[in-house]
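# Inside the fold
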Amino acid sequence: MNIRSIATQPFTDQKPGTSGLRKKVGTFQQPHYLENFVQAIFNSINAPQGATLVLGGDGRYYNRTAIQTILKMAAANGFGKVMVGQGGILSTPAASCVIRKYQTFGGIILSASHNPGGPDGDFGIKFNSSNGGPATETVTEAIFAITKTISQYRLLDAPDVALDMPGTSQLGDMVVEVIDSVSDYAELMESLFDFDAIRNLLTSGFRIKFDAMHAVTGPYATEILQRRLGAPAASLMNAVPLKDFGGGHPDPNLTYAPELVSIMYADDAPDFGAASDGDGDRNMILGKQFFVTPSDSLALLAANATLVPAYRGGLAGVARSMPTSAAVDRVAQALNIPCYETPTGWKFFGNLMDAGKVTLCGEESFGTGSDHVREKDGLWAVLFWLNIIAARRESVETIVREHWARFGRNVYSRYDYESLPTADAQGVMDHLKASFATLPGTGFGKYTVKCCDDFSYTDPVDGSVSTGQGIRIIFSDDSRIVVRLSGTGTEGATLRVYLEAYDPDIANHHLDAQQALAGLIQTALQITELKQHTGREKPTVIT
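Summarised in this report is the structure supplied together with it. (Residues numbered from 1 in each chain as written. Predicted model: local features only at pLDDT ≥ 70, side-chain atom pairs only at ≥ 80, totals over all residues. Heavy atoms only, no water.)

Moving on: the overall build of the protein. Across its full length, the protein holds 18 helices and 27 strands. In terms of C-alpha radius of gyration, the protein reaches 23 Å, essentially the compact-globule figure of 24 Å for 543 residues. Projected onto its principal axes, the C-alpha positions of the protein cover 70 × 60 × 40 Å. When each of the 543 residues of the protein is scored for burial, the buried share is 59%. Within the protein, contacts between residues at least 6 apart in sequence are counted, and of these 73% link residues at least 24 apart. Total accessible area on the protein stands at roughly 19,700 Å², and carbon and sulfur atoms take up 48% of it. (Helix = DSSP H or I, 4+ residues; strand = E, 2+ residues; numbered from the N terminus. Rg over C-alpha atoms; globule rule 2.2 N^0.38 Å. Buried < 20%, exposed > 50% of the residue type's maximum accessible area, 1.4 Å probe, protein only. Contact = heavy atoms within 4.5 Å. Areas by Shrake-Rupley, 256 points an atom, 1.4 Å probe, with all protein chains shown as cover.)

Assignment of secondary structure puts Thr-140 in helix α5 (residues 137-147). Apart from the residues within four sequence positions on either side, Thr-140 is in contact with Pro-16 and Ala-135.

As a further point, take the packing of helix α11 (residues 327-335) against helix α14 (residues 396-407). Close contact between α11 and α14 brings their axes to 11 Å; oriented N to C, the two are set at 65°. If you check the angle between α11 and α14, you find them roughly perpendicular. For the pair α11 and α14, the crossing hand works out as left-handed. Contact residues: Arg-330, Val-331 and Ala-334 in α11; His-403, Arg-406 and Phe-407 in α14. (Axes fitted to C-alpha atoms, helices over the stretch in contact; angles between N-to-C directions. Parallel < 35°, antiparallel > 145°, perpendicular 65-115°, else oblique. Left-handed = near helix turned anticlockwise from the far one by under 90°.)

Here five strands make up an open sheet; going across it, the order is β11-β10-β12-β13-β14 and the pairing mixed. Each edge of the sheet is formed by a strand with only one pairing partner; in this case those strands are β11 (236-237) and β14 (290-292). Seen against the sheet, helix α10 (residues 294-303) touches β13 (283-287) and β14 and runs at an angle of roughly 75° to β14. Against the sheet, α14 contacts β12 (272-276), β13 and β14, and its axis sits at roughly 55° relative to β14. (Pairing = 2+ DSSP bridges.)

This part covers the sheet that holds strand β5 (residues 106-110). The mixed open sheet is built from seven strands, whose spatial order is β2-β6-β5-β3-β4-β9-β8. Looking along the sheet, the strands with just one partner apiece sit at the ends: β2 (21-24) and β8 (167-171). Strand-to-strand twist of the sheet, defined as the mean angle between neighbouring strand axes without regard to direction, takes the value 20°. Taken together, the four bridges between β5 and strand β6 (residues 122-128) define a ladder with antiparallel strand orientation. Bridging from a neighbouring strand, Leu-110 pairs with Ile-125 of β6. Here helix α2 (residues 33-45) sits on the sheet and contacts β2, β3 (52-57), β5 and β6; the angle it forms with β6, its principal contact strand, is near 10°.

For the rest of this paragraph, the subject is the pattern of salt bridges. Going through the model one piece at a time under the given rule, you end up with 32 salt bridges. Lys-288 is the partner of Asp-271 in a salt bridge, and the nearest nitrogen-oxygen pair spans 3.7 Å. Of the two residues, Asp-271 is situated in the loop between α9 (258-264) and β12 and Lys-288 in the loop between β13 and β14; the sequence distance between them amounts to 17 residues. The class for Asp-271 is partly exposed, based on a relative accessible area of 23%. Note that Arg-472 and Glu-341 form a salt bridge whose closest N and O atoms lie 3.6 Å from each other. Note that Arg-472 is positioned in strand β24 (residues 471-475) and Glu-341 in strand β16 (residues 339-342), a separation of 131 residues in sequence. Overall, Arg-472 belongs to the buried group, its relative accessible area being 15%. For Glu-341, a relative accessible area of 25% translates into the label partly exposed. If you follow the salt bridges from partner to partner, you end up with Arg-320, Asp-329, Glu-341, Asp-453 and Arg-472 in one network. (Salt bridge = Lys/Arg side-chain N within 4 Å of Asp/Glu carboxyl O.)

When the sulfur atoms of two cysteines share a covalent bond, that bond is a disulfide. In total, this model carries zero disulfides according to the counting rule given. Take Cys-97: it sits in no disulfide, and the sulfur closest to it among the cysteines is that of Cys-361, at 16 Å. For Cys-97, a relative accessible area of 6% translates into the label buried. Between Cys-339, a cysteine without a disulfide, and Cys-361, which holds the nearest cysteine sulfur, the sulfur-to-sulfur distance is 11 Å. (Disulfide = S-S within 2.5 Å.)

The values are spatial; any link to function lies outside them.
Below, the structure written as structure tokens:
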């Protein structure tokens, strides 16, 4: 077997976003495209000779092909061992778990998260550091810098490696260990939650429906919910991972999980519903004919954390991304613990967790997690909810409404305008920035603008500064509108508009969010001039 240095030329579009590099499958299939980016990772991280790497992905189209290439490049670049998930499968939280448990140098995760898959769909790749979390901006900027000057990459000439059975094999001087994709993660979950209490709940007539969306969490849910916790097989749907996610869009929200939503809003609905996304790091929680917003879910987990064995000693602190509602802030205040507001992107939570400053964290984009790993974790959130329900023996709706009665309700919604021409989306942002000088003090019906800014963040651990993280328009009653460009799409631009109003009056807590926010929604459309700049009459997705 021979190590070759292959000449190449830079691509100009390999700047990582909030979670690595995401492009269309066809883009990654270009000669040298994947190899350039992988070599840029290896050149930037300075792994010691003989280091161990974790490798896996969500099973989407091109996953297995990319894994074979990365294995041969790892062998050519001096790695001593790669631990790869069986069949090339590792959910994002499971990959973080394996990196941390076996103290590897880091890992490469192949996923485009909640984006569609298939030959015409999306693919993605990111590097996770030795703490199990996404690479910091310093690392991703170094990777990008190398992609702009790269002239060669290293590859071992060797046959493909068998991936479908656990075991070890040799690839040049490097060991390839195919590991069970599920067992390490399942054992970690069993150490965190009261599986006996959850098992009693699930075998006592409490009905659940979990939608794996033909994505990576199918095998994890089958092992944990069905085999270890006794849920009937019919409790799981779409549990077989498919390369194209069955033609669906593996984003667990009210728009892209219509089958689950129809089940949970039927007259004979199960007691609890949940879904997870392409790579297993997001979650949607539903009760009977009742949707729990991700912002409320984070706040509820924090308020009820001591019901769960892993968190009975209390929380060190909590953190949320800036666009996420302030519901968890109110819980933190009641618990007298710190609450941190960060930019969007899980890597910002990693520093806080490594420093012991926070235990729970979450984003409004259906991501919740804790310091058990350094990624958001969809199935963990589902088990957390089931543990709370098992302890309280109350319905999802009752638990949420009692929370609102105690803390007040942060009424919240997000409008996504997907696949916009980049110039149109940027036009909205430029218009808002140009309005900063005149907006404060301006009235819009019952709303008066108190202040507005482009959010910046100084990391309390390492002092790094992140600017341009989203426009905030805050009103005198602390209602707010947030507008930002998302970095997770692969076509055009996605513009997100977040709306939040606090209502302590229990008499209003029955209102649908769109009804309760109607005035703020109209104010947002007026201030942003979104229709004028984009021509869009309505958003692609409302959550």
